[in-house]
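# Tertiary structure, described
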Amino acid sequence: MKALEGVKILDFTHVQSGPTCTQLLAWFGADVIKVERPGAGDATREQLQDIPDVDSLYFTMLNHNKRSITLDTKNPKGIEVLWRLVAECDVLVENFAPGALTRMGLTWEAIHAANPRMILASVKGFGPGAYADCKVYENVAQCVGGAASTTGFRTGTPMVTGAQIGDSGTGLHLALGIVTALYQRTHSGLGQRVDCAMQDSVLNLCRVKLRDQQRLERGPLQEYSQFGEGIAFGDAVPRAGNDSGGGQPGRILKCKGWETDPNAYIYFITQGPVWEKICDVIGEPTWKTHPDYATAKARLPHLNEIFTRIEAWTMSKTKFEAMDILNGLHIPCGPILSMKEIAEDQALRKAGTVVEVDHPTRGKYLTVGNPIKLSASATDVTRSPLLGEHTDEILRDVLGYSETERLNISESGAIGAIRKIAAA
Ligand code: CAO
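Residues numbered from 1 in each chain as written. Predicted model: local features only at pLDDT ≥ 70, side-chain atom pairs only at ≥ 80, totals over all residues. Heavy atoms only, no water.

## As for the overall build of the protein
Test applied: Runs of E in the DSSP output that reach at least two residues are strands. Runs of H or I that reach at least four are helices, and both are numbered from the N terminus. Only protein chains enter the accessibility calculation, which uses a 1.4 Å probe; a residue is then buried when its area is under 20% of its type maximum, exposed when over 50%, and partly exposed in between. We call two residues contacting when some pair of their heavy atoms lies within 4.5 Å. Note on areas: Shrake-Rupley, 1.4 Å probe, and residue coverage restricted to the protein chains presented here. His is not counted, nor are the chain ends, whereas Lys and Arg count as positive and Asp and Glu as negative. Where a charge lies is defined by one atom per residue type: Lys uses NZ, Arg uses CZ, Asp uses CG and Glu uses CD.
Counting its secondary structure elements, the protein contains 18 helices and 11 strands. The C-alpha extent of the protein, read off along each of the three principal axes, is 85 × 45 × 40 Å. Counting across all 424 residues of the protein, residues that qualify as buried make up 45%. Nonlocal contacts in the protein, meaning residues at least 24 apart in sequence, comprise 66% of its contacts between residues at least 6 apart. Counting every atom, the protein has about 20,500 Å² of accessible surface; 56% of that belongs to carbon and sulfur. For the protein, the distance from the average site of its 44 positive side-chain charges to the average site of its 49 negative ones is 2 Å.

Encoded structure:
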């Protein structure tokens, strides 16, 4: 028995933010029914294709463990079938542009009247306000959520990060909202709306920078490199390069081989409790008692000098050698791992963090496993569905349509070219 077994999700999501959320719910055991436009499906099926006419990795890696039904919701029969799904399911998840759901007639009032237990979960770019009507993609969310203005180097342009905090980050937030609403429904018996704005989700993940904005009003941010460099702060939180976002100063430092390997680096944290061990390992034992280095506060104006000295030590080791030595001394650090190293890491495979999946038209490929491990609800990652692969099965088994009714629906053009009409 899986944690969300018995929960039916009407998955009206596309691209990344919504599909991340519904994939998580599927991994926890929900029956996720992905509704797609006949003929085309989720736009990501065709985006960034690495093999002609085969669902892209973009799509497959966001839509595991789901079933796919094709349904033209602009066809009267199609919208009729959609309403049957609304009546049958527990949660409708969508991330269309603002207004699209309403244009289909799926207002909250109508949904709630048709199925009072249904939870309607939506991702939009912005919450209420001047930008509520805007379409938003990942990088826009990173820009309006405070991430871009605080990422990168002080002298460079604002920068977006590789981590998809706008899309996958919002999907995670939405998934939590959905299971919370499901829990509340066990008491109230009623569904509710769950709304996540991408701007809000990014800001939630950037809260340390909002913290620093308020600290800045009381004086310079002493753990930022520019403080030690004697460069004045402006009135907004600056970009801080690779400075640690917390109270323990850290930097990315070169390791042996950095001249040719773009990832021969390690993140090194000068954590206060292990300062004396750091002094010993880098060969500066006098720094343990020297007034400029002995305390965390005294070290703040000298961070460039300190990290230059530590880097002279890390450059004499590979990132893995440095990691082994520092770990043994309980000095927090981490090698900069390339995606190639992560893909080949056997420990990550064993832990189910990286999973190999077989796909009928693609063959074997790697994907991420469920990062949330439940001890009583293990996740088995199964391949993403082909477009409309389960249309007939869902019409028959979930909605109870007879063979004749299914043929009528097919002839109406509401479900596009059906793969096969299976006898009941
Ligand atoms: N059958 C028929 N029509 C369908 C359909 C179906 N099964 N599924 C969707 N459609 C139609 C909708 O009815 C709507 O049509 P109208 O605009 O005519 O009412 C349209 O497709 C919806 O498309 P959209 O406007 O959502 O899609 P888009 O490609 O223009 O925009 C995006 C994409 C992501 C910018 C937009 O959906 C959005 O802003 N979503 C909210 C924020 C979000 O989640 N962004 C993250 C995306 S991941 O980077």
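## Concerning the side chain of Thr20
Heads up, the condition is: The term polar contact refers here to a pair of N or O atoms within 3.5 Å; inside protein, the definition further demands a hydrogen-donor-capable atom paired with an acceptor-capable atom, and it admits residues adjacent in sequence only when both atoms are side-chain atoms.
Locating Thr20 in the fold gives a position in helix α1 (residues 17–27). Within the local environment of Thr20, its side chain forms a polar contact with the backbone oxygen of Gln16, the two atoms lying 2.3 Å apart.

## As for the sheet that holds strand β9 (residues 333–335)
Applied cut-off: For two strands to be treated as a pair, DSSP must find at least two bridges joining them. To obtain an axis, a line is fitted to C-alpha atoms, over the contacting stretch when the element is a helix, and the angle between two such axes runs from 0 to 180 degrees between their N-to-C directions.
Pairing within the open sheet is antiparallel, and its 3 strands lie in the order β7-β8-β9. Two strands bound the open sheet, and with one partner strand each, they are β7 (250–254) and β9. The mean inter-strand angle of the sheet, taken between neighbouring strand axes irrespective of direction, is 20 degrees. Taken together, the 3 bridges between strand β8 (residues 265–269) and β9 define a ladder with antiparallel strand orientation. Across the sheet, Phe268 pairs through a bridge with Cys333, a residue of β9. Against the sheet, helix α13 (residues 303–314) engages β7 and β8, with an angle of about 40 degrees to β7.

## Focus on the nonpolar core
Considering soluble globular proteins, one finds that nonpolar side chains tend to be buried as a cluster. What counts, and what does not: Throughout this description, the term nonpolar core refers to a set of buried Ala, Val, Leu, Ile, Met, Phe, Trp, Tyr and Cys residues connected via side-chain atoms within 4.5 Å.
Of all hydrophobic cores here, the largest spans 35 residues; its most connected members are Ile9, Leu25, Val93, Leu174 and Ile178. Elements represented by at least two residues in this core include exactly α1, β4 (91–94), β5 (119–124), α7 (167–188), β6 (193–197), α8 (198–205) and β10 (354–359). Residues within four places of Ile178 in sequence aside, it is in contact with Cys21, Leu25, Val91, Val93, Ile119, Ala121 and Val194. If you look at the next biggest cluster of nonpolar residues, it comprises 30 residues, including Ala100, Met118, Leu120 and Tyr401.

## Looking at the sheet that holds strand β1 (residues 8–12)
The parallel open sheet is built from 6 strands, whose spatial order is β3-β2-β1-β4-β5-β6. In this open sheet, the two strands that pair with only one neighbour each are β3 (66–70) and β6. Within the sheet, the average angular offset between the axes of one strand and its neighbour, ignoring direction, is 20 degrees. Here β1 runs beside strand β2 (residues 31–36); their pairing, made up of 4 bridges, is parallel.

## Re the packing of helix α11 (residues 275–282) against α13
Stated precisely, the cut-off is as follows: An angle below 35 degrees is read as roughly parallel, one above 145 as roughly antiparallel, one from 65 to 115 as roughly perpendicular, and any other as oblique. What makes a crossing left-handed is the near helix being turned counterclockwise from the far one by less than a right angle; a clockwise turn instead makes it right-handed. Classes in brief: Ala, Val, Leu, Ile, Met, Phe, Trp, Tyr, Cys and Pro nonpolar; Asp, Glu, Lys and Arg charged; the others, Gly included, polar.
For the pair α11 and α13, interaxial distance at closest approach is 9 Å and the crossing angle is 50 degrees. Comparing their axes, α13 and α11 come out oblique. Judged by the sense of rotation from one axis to the other, the crossing of α11 with α13 is left-handed. Residues Trp275, Ile278, Val281 and Ile282 of α11 form the contact with α13, whose participating residues are Ile306, Arg309, Ile310 and Trp313. Partitioned by chemical class, the residues of the contact of α11 with α13 number 7 nonpolar, no polar and 1 charged.

## Section: the site of the ligand
The condition is simple: Nearness is judged by heavy atoms alone; a residue qualifies as near a molecule or strand once a single heavy atom is within 4 Å of it.
Taken together, 23 residues lie near the ligand, and Ala97, Arg103, Lys135, Val136 and Asp167 sit nearest. One nitrogen or oxygen atom from the main chain of Leu71 is found 2.8 Å from a nitrogen atom belonging to the ligand. A distance of 2.8 Å is found between an oxygen atom of the ligand and a side-chain nitrogen or oxygen belonging to Lys74. Here the shell around the ligand is composed, by residue class, of 9 nonpolar, 6 polar and 8 charged.

Keep in mind these numbers describe shape, not what the thing actually does.
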